[in-house]
Amino acid sequence: MVVMLGIAGVLAAQSLGNAGTIEGKVSDPSGAAIPNAVVELQNPVSGYTQTVTSNASGDFRLVNIPPNPYHLKVTASGFAAFQQDIAIRSSLPVQVNAKLSLGTEATTVTVEAAGQDLIELDPSAHVDADRNQIAKLPAFDPGGGLSQAITYSTGGVAADANGFFHPLGDHAQVSFVIDGQPISDQQSKVFSTQLPTSAIESMSLITGAPAAEFGDKSSLVDQITTRSGLGAMRQFGSVESYYGSFGSVGGDVSWGFGREKMGNFLALDGTRSGRFLDSPQFTPFHDKGNNQTIFDRLDFQPNSVNAVHLNLFVARNWIQIPNDYDQLVQDQRQRVLTWNIAPGYQHTFNAHSLLTVNPYIREDQFNYYPSRDPLADTPSTQRQNRHLLNYGLRSDLALTKGRHNIKLGIDLKQTRLFEEFGFGITDPTFNAVCDDANGNPVTDPAIINPHSCDSLGYITNPNLQPGLIPFDLTRGGELFRYRAAHNINQYAFYAQDAITMGNWLLTVGLRGDMYYGLASDSAAEPRAGLAYNIKATNTVLRGAYSRTFETPFNENLLLSSASGLSNGVATAVLGVNETPPISPGRRNQYNVGFQQAIGKYLLVDADYFWKYTTNGYDFGTLQNTTIAFPIAWNKSKLDGITGRVSTTNLHGFVGYWTFGHTRARYFPPQSGGLLNTQDVPAGVFRIDHDQAFQSNIVLRYQRPRNAEYVTFSWRYDSGLVAGIADVDEALTLSAAQQVTIGFACDGVAAAFGAPITSCSGVGTSKLLTLPQAGMAEDDHNPDRVKPRNIFDLGIGTDNLFHVEGHRRVTASLTIDNLTDKVALYNFLSTFSGTHFLQPRTLIARVGFTF
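Presented here is an overview of the structure given in this document. (Residues numbered from 1 in each chain as written. Predicted model: local features only at pLDDT ≥ 70, side-chain atom pairs only at ≥ 80, totals over all residues. Heavy atoms only, no water.)

**Points about the sheet that holds strand S4 (residues 59-65)**
- Overall, mixed pairing links the three strands, which are arranged S4-S1-S7 in an open sheet. Only two strands of the sheet have a single partner each, and these edge strands are S4 and strand S7 (94-99). Strand-to-strand twist in this sheet, taken as the mean axis angle between neighbours without regard to direction, amounts to 20°.
- Pairing of strand S1 (residues 20-27) with S7 involves six bridges; the strand directions are parallel. Note that in S7 the partner of Glu23 across the bridge is Gln95. (Pairing = 2+ DSSP bridges. Helix = DSSP H or I, 4+ residues; strand = E, 2+ residues; numbered from the N terminus. Axes fitted to C-alpha atoms, helices over the stretch in contact; angles between N-to-C directions.)

**So, a nonpolar patch on the surface**
- Where nonpolar side chains cluster on the molecular surface, the patch consists of Val239, Val253, Leu268, Ile294 and Val314 and spans about 340 Å² of accessible area.
- Position of Ile294 among the secondary structure elements: in strand S18 (residues 289-300). (Patch = residues over 30% accessible without salt bridge, like charges linked within 9 Å, V, L, I, M, F, W, Y side chains within 5 Å. Areas by Shrake-Rupley, 256 points an atom, 1.4 Å probe, with all protein chains shown as cover. Salt bridge = Lys/Arg side-chain N within 4 Å of Asp/Glu carboxyl O.)

**What to know about the pattern of salt bridges**
- For the structure shown, the criterion picks out 35 salt bridges.
- The salt bridge involving Arg784 is made with Asp690; its shortest N-O contact spans 2.5 Å. On the criterion of sequence distance, the pair formed by Arg784 in the loop between strand S39 (763-765) and strand S40 (788-797) and Asp690 in the loop between strand S34 (685-686) and strand S35 (694-702) is long-range, its members being 94 residues apart. As far as the burial class goes, Arg784 and Asp690 line up, both buried.
- By sharing partners, the salt bridges in this structure join Arg665, Arg686, Asp690, Asp779 and Arg784 into a single network. (Buried < 20%, exposed > 50% of the residue type's maximum accessible area, 1.4 Å probe, protein only.)

**Some remarks on unusual backbone geometry**
- Cis geometry is found at the peptide bond from Thr378 to Pro379, where omega equals 0°.
- Assignment of secondary structure puts Pro379 in the loop between strand S21 (353-369) and strand S22 (380-401).
- Between Pro668 and Pro669 the backbone carries a cis peptide bond, its omega angle lying at 5°.
- Residue position: Pro669 is located in strand S33 (residues 653-672).

**A few points about the pairing of S22**
- Of all 22 residues making up S22, 16 are buried, and the element is well covered by its neighbours.
- By the bridge criterion, 16 bridges tie S21 to S22 in an arrangement that is antiparallel. Its bridge partner lying in S22, Leu355 is registered against Leu397.
- Taken together, the 22 bridges between S22 and strand S23 (residues 404-425) define a ladder with antiparallel strand orientation. Counterpart to Leu393 in the pairing with S23 is Leu412.
- Once S22 ends, the chain turns through two residues before running back antiparallel as S23, passing Gly402 with a positive phi of about 60°.

**Description of the state of the cysteines**
- Per the counting criterion, the structure on display carries two disulfides.
- The disulfide that involves Cys434 links it to Cys453, with 1.9 Å between the sulfurs. In this structure the cystine formed by Cys434 and Cys453 twists about its S-S bond by roughly -85°; its chirality is therefore left-handed. With Cys434 in strand S24 (residues 434-435) and Cys453 in the loop between S24 and strand S25 (459-460), this pair connects stretches of sequence that are 19 residues apart. Per residue, the accessibility class of Cys434 equals that of Cys453, and both read buried. (Disulfide = S-S within 2.5 Å.)

Purely spatial values, then, with no claim about function.
Here's what the structure looks like:
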């Protein structure tokens, strides 16, 4: 790996990732160059557009184009328009010879999409989102804008708290590919930091069968193309500030410039909010946080065959950990610092072959701080210092020959893990040694030996974890301390080919993965897909098979797998199951789907997936903190549907409807995690990211000339599986917890200081479905969060004073949760905790673009 990185260092450049280039010449019928011709590229579904003008020699160049089908038109005064459909499938430049025929007068052409322009011959389902669409979403999540954009854009994910989303039944099996750099570690704001949406030009969300070039975590692959100054031929940018609910304040500055050979784009973002994380109470307290990010992209293309590219990124989150009513004096905080350097190189050998080299290095530094008085934390105090450093090289050779579009590549990386962790119990009832005759915990600090319970007239706590007694600070114990470091080496090689045969497209690929970490494993992964275009009806039918090699989450992997290390005593004393280290998993995945264009205005896309996995991954949250430990289950069976109905731009109106359904069935036993959990089912169960149905409707209308607009969204979630089983378990909750879920017995509600401890009638909850005692069933009738409908509204303008030119004043107002709906993401989930959706939130923005 060091040798490969050294080679990349000599090349000293950055590729454009999977983004493509279109270049060519505009000429008249005699072959003479036509300068100042307008060349416009557009995708009618994603809304992506790019416009350039030809130079004095008639040459033009469109760069940084996301993979997709496009419609190209070239217009010039006195000539008829030239039009051509072009598909960008790789980074290889597409050559266009635009020869314009003479017209009797200046010609203005308005291009409307036809049915064939809407559909795409691709065996894998995906959704494309353009910068303009992302910017106008009526959503506010400080430090988590990228997660919001993904959740709003595809029906394949179930929304969860703090920027989490569950793709196609998995917990967080997501890979990001940012300008060619692969990132498969967690990007939620409680684990890391996110690329700001102000730096994103477009993204493609792959929820179907992953190509052989994608590995690690492939339930959803987000290919992001960032903004660039290359070819802009001017300076451009924006300055924006905002203020809103919960004392939320922030802003962003972007600045770009470039010529034909060099360009740069810089984005600075900052935010502060009194509700930074989704809180365990509807009204947030102790929930302040702030986030700052700096992103810079430099492009240099000295000639037509070489491209230099460099991405720089640094970001920081500082967060208070939100409290609930049982933790009023707790003062836990965390800080996350991320830095990333991604240089690369791209060389075009000829019109049919292109080499891409992407080295990178990235680190997340995570610090979790306890209260100044550890005993103020409840039911435990914890601290952590964790570093996750990975560096690697991703390189491929793209080849086209006849009907073949081939890619051969390598993906080499090392991840360096370092973990320090401290833990101590502060609540004498949390792991009481003895119970009294009524089953209540005995809090006598002198009792530390379970064998003494009988002689004292008590009974031994049936749920006692003896390994925790030495770390019970209320019984004279001391903090548990853990410190470890380990490297994980991964090597992957892949080959894939997309073969066009008339109306058919066949994709075949093979990937080989080798994983050397706490466990060692390797696998060969064949993948194949087939799509057919029925042109008479504007229909595409598709199907695919994928064999994938799923790798464990790296965050807190060492302690979670400590039973497999030489210091396995750490696992024994903390009560974790004695199991081997978390190992890579294997998955068989099948997809079938279709695209259907209805006229020239509507596109329907739907996909069915079925995934069978050995070693199904999840996280176990440490009580009410943001610290989570990876878990592996024996196997998982996931199936469901995803879909999207989209319109083209209908005189300023654009809309889409995404929907999804998932059955997420997991099978014990469990390995990994930190503390033993008493509520883990003995048999197959629906995990907490199982959701029967989610739906999102986004409608936007904008007046001509980028003027006033209004955006409306309607999000429906049928409810994730909750962390308590039935009414009997609700009776064991604290008074504050019962009040949180609106628990009542025969219409009499629980109150602070007055919990309901018995219920001979009907128990109900305002926020949970809560089956009656004996009616819950882990697989077919689990307790769930109640269904919810959330409405968001955005109004604004891209040109407040209706002026001509690039200099414009912008303004907007977004209202999230318009009806102030009280709803939960989840409650006491072993795997994600308790979190409310945000209350009604208003954010007012004003900006200036140039």
